[in-house]
Amino acid sequence: MKITHAEVDYVAILGRLALDEEEKARYQSQLDDILKYMDLLAEVSTEDVEPMAGPIELYTPLREDVSEQSLPIEVALSNAPDPYESHFRVPKVIE
Amino acid sequence: MNLYEYTAAQLRDMLKKHKVSSKELTQAVLKRIGNVENKVHAYVTIDADRALAMAEAADKRIKSGNAGPLTGIPIAVKDNMCVKGQRTTCGSKILNNFIPPYDATVVGLLKEAGMVILGSANMDEFAMGSSTETSYWGPTKNPWDLERIPGGSSGGSAAAVAAGEAILALGSDTGGSIRLPAAFCGVTGMKPTYGAVSRYGLVAYASSLDQIGPLCSDAVDAALLLDLILGHDPKDSTSAPRSYEPCVNYLNKSVNGLTLGIPKEFFNKLDNPETSTAIEDAKSEYEKLGVKFVELSLPHVDYGIAAYYVIAPSEASSNLARYDGVKYGLRARDFGGMIDMYCQTRAEGFGDEVKRRIMLGTYALSSGYYDAYYLKAAKIRTLITQDFHNAFNNCDAIFCPTAPSPAFKIGEKMNDPIQMYLTDVFTIPVNMAGLPGISIQAGLSSDGLPIGMQLIAPHFEETRLILLASAFQQVTDHHTKKASL
């Protein structure tokens, strides 16, 4: 196997996904197939090749430093699962 | 002929001459939706009241004499483009109740042009799929054969146009998601150059690959819609700061003397005889028009799928981190603490394929594997892009099939991710290099299924694709064939 059960556990934690045992077993086997297919990549010689992050030359677009209207607070909160006054409410983080 | 069977260009003339009103047209399309939507399932959300109000406003504008070419034309928008005040779900349970507080830039452009927005078209969840089967809302069916998939991920957009449930549609294409459904549903679909159409308000999947484009009946309609949406947007930092020549200036022009490249790596893979025949026939048509063909090589395209399935899931795993049950979208009911809230929310809200790609991307970016996967794939992306640049020294555009075979059966590839991924073998390299590509219908299989052909041009040469597609459609009638429903 190219990916162990422990690695599947670890990746699920990193990806913030609660998976049950059945899902973990299935993903392990499917990811294993996919990673085996990706062995193809090792065939290509990439010495002295620059990696490419995107297809066009990126630049940093700048605009005048003037304030523009932003979303009103109540609109920004309108899709929140648990809004409280003008805040996004989350479970207690520090005991 | 029913109103919903005309092209946008034909309807524009009829609207202008007051032979029909936008309201009558919109009512005809809504009636068609009422008749066939239960078979096709092209939409996630339909807003008939809003569509009729937009149609009435368009009629006023037409009467007052300041209508644009697309004023009053009904359009479907893929469910990953924000429509202010209308639920936009990206085909996912996690955004099941998301009501965008703003319009995507492209949606704003449709509104300014006086178009009639019918609703949001079905798609693979987060645009991850080649069949529209991964949608939380269930699959869209191919109007040509309801037991088959329409292609994906913009399957709802393509099926809506093919079924007469919309005159035009917008889709998005990360690895073939416009061109593949266009091919499978027998419509014309273009992925423009990366950076040519604003992505502001498009739900992100893989940000270095995603691009919005048109799905429609023919090259004329594609030109009309492209002329509306191509352009610089300061709200998208990857939007190219340049201007665009009108695509409509390239309709009905001669292609005599142009050269099309045939990449041997693509043709070597073609084992479907009916697709081969359709592509050969299309080649003969072009030759009659004075087009020359030259065989060429794209030595690294064979690694396109493997590199794509490292890069796209890597970007997705990062982009989808925002779905945390805090700012918008679903939040799980039962959880332990903060971290568990994230984990339970995402487990409940994401479907199988999305979880698989998050896992794959997270793995490829994780410590110890980054060099072997992400960095390696990013270097191969450079080589694939160089292959295309070299090829364009010897040809004006590249010619190949859009897909290895016509549409497959619903369920056929759902349990075999790699087989599903291989469907995009001819389209993925185009996204890797950020090039524009168009799919147009080349013929029908013996089962009556559409077969698509693809043309690929250098960066920002959308007009060349319109020129080539339009010249082909002038002398053939494949694009006028309709699914019988």
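Look up: the structure comes first, before these words.
In what follows, the accompanying structure is described. Quantities reported herein were computed from a predicted structural model and do not represent experimental measurements.

About the thresholds
Residues numbered from 1 in each chain as written. Chains lettered and ligands numbered in written order. Predicted model: local features only at pLDDT ≥ 70, side-chain atom pairs only at ≥ 80, totals over all residues. Helix = DSSP H or I, 4+ residues; strand = E, 2+ residues; numbered from the N terminus. Rg over C-alpha atoms; globule rule 2.2 N^0.38 Å. Contact = placed C-beta atoms within 7 Å. Expected span 1.5 Å × (residues − 1). Buried ≥ 20, exposed ≤ 12 C-beta atoms within 10 Å, placed from the backbone. Pairing = 2+ DSSP bridges.

**Looking at the overall build of chain B**
- When helices and strands are counted, chain B shows 16 helices and eleven strands.
- Taken over C-alpha atoms, the radius of gyration comes to 21 Å for chain B, in line with the 23 Å a tight globule of 485 residues would show.
- Projected onto its principal axes, the C-alpha positions of chain B cover 65 × 55 × 45 Å.
- For chain B, restricting intrachain contacts to residue pairs at least 6 apart in sequence, the fraction spanning at least 24 positions comes to 76%.

**Quick word on the environment of Val29 of chain B**
- Along the chain, Val29 of chain B falls in helix α2 (residues 22-40).
- As for Val29 of chain B and Glu5 of chain B, which are separated by 24 residues in sequence, their C-alpha atoms are 9.2 Å apart.

**A few points about helix α16 (residues 462-475) of chain B**
Residues and elements named next belong to chain B.
- The end-to-end C-alpha distance of α16 is 21 Å, a good match for the 20 Å that 14 residues give at a rise of 1.5 Å each.
- Here α16 lies mainly inside the structure; twelve of its 14 residues are buried.
- Where α16 is concerned, the buried positions are Glu462, Thr463, Arg464, Leu465, Ile466, Leu467, Leu468, Ala469, Ser470, Ala471, Phe472 and Gln473.
- On its buried face, α16 is in contact with β5 (188-191), α7 (219-229), α9 (273-288), β9 (397-401), β10 (437-444) and β11 (450-456).

**Thoughts on the pairing of strand β7 (residues 259-263) of chain B**
- The sheet contact formed by β7 of chain B and strand β8 (residues 292-296) of chain B spans five bridges and is parallel. When the sheet's bridge partners are listed, Leu260 of chain B is paired in β8 of chain B with Phe293 of chain B.

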